[in-house]
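Residues per chain are reported as follows:
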Amino acid sequence: MAYTEKFQALADDAMSQVEGVTPADVDALIEQGALPLDIRDKEEHDADHIDGSLNISRGKLEMNVEGLIEDLDQVVLCYCNANNRGALSAAALKAMGYKNAKYIAGGLKGYRAL
């Protein structure tokens, strides 16, 4: 998908602010208590998602996250289809005080490619 220059710059900035985890590390992190957070729209989540993931669409993340993830120390693995929305979401969560917000580099596509 082709993104606008401004959107991609915003996403690139978010990726520089938060840690990306490799798809190969996701299952081990979940076993250690990390929460996979699918920030795609409900229809995307319904079609496929990482088992055990919580779904909060990117458009409602900041409004709804505090009622669903109360622990600011929780390791949260934000993901979308690839990188951008996941990184933007992780950066937003970090700005809200979630110390261990990360994104899955490569998103669901990268995870499924294993």
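A brief structural summary.

Reading the values: the criteria
- Sequence positions are assigned chain by chain, starting from 1 and proceeding in written order.
- For this predicted model, a pLDDT threshold of at least 70 governs which residues receive local features, and a threshold of 80 or more governs which side-chain atom pairs are given and counted, while totals over whole chains, interfaces and linings are taken from all residues.
- Based on all heavy atoms of the structure, the side-chain values leave hydrogens and waters out of the count.
- Only when DSSP finds a minimum of two bridges between them are two strands counted as paired.
- The numbering of helices and of strands both runs from the N terminus, where a helix is a DSSP run of H or I of at least 4 residues and a strand a run of E of at least 2.
- Two aromatic rings from Phe, Tyr or Trp, using only the six-membered ring of Trp, form a pair when their centres are within 6.5 Å; if the ring planes differ by under 30 degrees the pair is stacked, by over 60 it is edge-to-face, and anything between is tilted.

**Focus: the sheet that holds strand S4 (residues 76–79)**
Consideration 1: Spatially, 5 strands are ordered S1-S5-S4-S2-S3 in an open sheet, and the strand pairing comes out parallel. Each of the sheet's edge strands pairs with one partner strand only, and the pair in question is strand S1 (19–21) and strand S3 (54–55).
Consideration 2: Relative to S3, strand S2 (residues 35–38) runs parallel, the two being bridged by 2 bridges. Its bridge partner being in S3, aspartate 38 is matched across the sheet by asparagine 55.

**Describing the packing of aromatic side chains**
Consideration 1: Enumeration over the complete set of coordinates arrives at 1 aromatic pair.
Consideration 2: Relative to phenylalanine 7, the ring of tyrosine 3 lies with its centre 5.2 Å away and its plane at 45°, an arrangement referred to as tilted.

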